[in-house]
Structures are given as structure tokens and as C-alpha cells.
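Coordinate inspection notes
Now for the letters of each chain:
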Amino acid sequence: MKYMLLIYAASDQQASCTVEDWIAYEKEMKDAGVLVSGHSLADLVTATTVQVGQDGRRTVTDGPFAETREVLGGYDVIDVPDLDAALEWAAKCPGSRDGGAVVVRPIAEFDF
């Protein structure tokens, strides 16, 4: 079953994990054969938000710049047998430390 691990960092503190921690985590997932895909996201100041109103008009703004304690920093998609396995990988993620969090969501698959 596929799960998305949404990796959130605390916006007001520096994480103590290093680039080497992230490289080791990704290597472990690849070696275990569970990594489907994953990416880090560029800094939040590069984000753009698009909204379409009921009248069909598009509004484009910089941001989001809402007050938040957590910032989505990236994601991984993994393919594991069950939720327990997904939770184990989330707990190993360097992003789950130092006030960060990893949200685990099953990926809905549709037959079209």
C-alpha cells in the first residue's frame, strides 16, 4: 500500500538533523525497496497560491504567509505492507525530530 509522508518542520526553530541524516534516511528507504518518490520543497517565500472564485476568476498571490507553527518542507511516497510499516518509516525520518512532524496519509488509488 502506498503512503505519503508529509514532512513538516517547526517554522521557528532550526532542526538538529544534518544533510547526512537525510542522505542516510533516503538510502535506507531505497535499500529497503520502499521509496517510490520524494522531494524537498524550495523555501516558502518562493510559493505562489492560486484561488478561483465562484465567478471563475483566478486570483494569484505570493505565499502562503499565514501565521503557522509548521512549514511543509517536503514529502516521500513509500510502498509498504501496512500502516504500521509506514509509521515506522515516519518515525525514522529526520524531519520528525526537534519539533517537526511527519503526517502519514494513505494514497487513494482509483481505477479509471
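Let me begin by describing the structure that accompanies this report. All values reported here derive from a predicted model rather than from experimental measurement.

When you go through the chain residue by residue, the secondary structure sums to two helices and six strands. Here the C-alpha coordinates of the chain stretch approximately 50 × 45 × 20 Å along the principal axes. For the chain, the proportion of its 112 residues judged to be buried stands at 22%. Taking as baseline every contact in the chain between residues at least 6 positions apart, the subset at least 24 positions apart corresponds to 77%. By element, 52% of the accessible surface of the chain is carried by carbon and sulfur atoms, the whole surface being about 8,100 Å². Each charge class in the chain can be summarised by its mean position, and for the 9 positive and 19 negative side chains these summaries are 4 Å apart.

With that settled, consider the sheet that holds strand 6 (residues 101–106). Sheet strands line up and pair through hydrogen bonds in the backbone, either parallel or antiparallel. Within the open sheet, the four strands sit side by side as 2-5-1-6. Their pairing is antiparallel. Sheet topology places strand 2 (35–40) and strand 6 at the edges, where each strand pairs with a single neighbour. Going across the sheet, the axis of each strand differs from the next one's by a mean of 20°, ignoring polarity. The sheet contact formed by strand 2 and strand 5 (residues 70–79) spans five bridges and is antiparallel. Considered in strand 5, the bridge of serine 37 is made with valine 77.

With that settled, consider the packing of aromatic side chains. Under the definition given, this model contains three aromatic pairs. Taking 6.4 Å as the distance between ring centres and 55° as the angle between the ring planes, the aromatic pair formed by tyrosine 25 and tryptophan 89 counts as tilted. Here the residue tyrosine 25 occupies a position in helix 1 (residues 19–32), and tryptophan 89 occupies one in helix 2 (residues 83–92), the gap between them amounting to 64 residues. Between phenylalanine 110 and phenylalanine 112 the ring centres are 6.0 Å apart and the planes differ by 45°, which places this aromatic pair in the tilted class. In this structure phenylalanine 110 comes out as exposed when scored by relative accessible area, which is 61%.

To continue, consider the packing of helix 1 against helix 2. Two numbers describe how helix 1 lies on helix 2: the axes approach to 10 Å, and their chain directions differ by 155°. When the interaxial angle is binned, helix 1 and helix 2 end up roughly antiparallel. Note on packing geometry: the crossing formed by helix 1 with helix 2 is right-handed. On helix 2, the residues that touch Tyr25, Glu28, Met29 and Ala32 of helix 1 are Trp89, Ala90 and Lys92. Residue classes in the contact of helix 1 with helix 2 are distributed as five nonpolar, no polar and two charged.

Residues Leu5, Ile78, Val80 and Trp89 are the most contacted members of the largest nonpolar core, which totals 15 residues. The biggest single contributor to this core is helix 2, with four residues.

What counts, and where the lines are drawn
Residues numbered from 1 in each chain as written. Predicted model: local features only at pLDDT ≥ 70, side-chain atom pairs only at ≥ 80, totals over all residues. Heavy atoms only, no water. Helix = DSSP H or I, 4+ residues; strand = E, 2+ residues; numbered from the N terminus. Buried < 20%, exposed > 50% of the residue type's maximum accessible area, 1.4 Å probe, protein only. Contact = heavy atoms within 4.5 Å. Areas by Shrake-Rupley, 256 points an atom, 1.4 Å probe, with all protein chains shown as cover. Lys, Arg positive; Asp, Glu negative; His and termini not counted. Charge placed at Lys NZ, Arg CZ, Asp CG, Glu CD. Pairing = 2+ DSSP bridges. Axes fitted to C-alpha atoms, helices over the stretch in contact; angles between N-to-C directions. Phe/Tyr/Trp six-rings, centres within 6.5 Å; stacked < 30°, edge-to-face > 60°. Parallel < 35°, antiparallel > 145°, perpendicular 65-115°, else oblique. Left-handed = near helix turned anticlockwise from the far one by under 90°. Nonpolar A, V, L, I, M, F, W, Y, C, P; charged D, E, K, R; others polar. Core = buried A, V, L, I, M, F, W, Y, C linked by side-chain atoms within 4.5 Å.

By themselves, these figures tell us nothing about what the structure is for.
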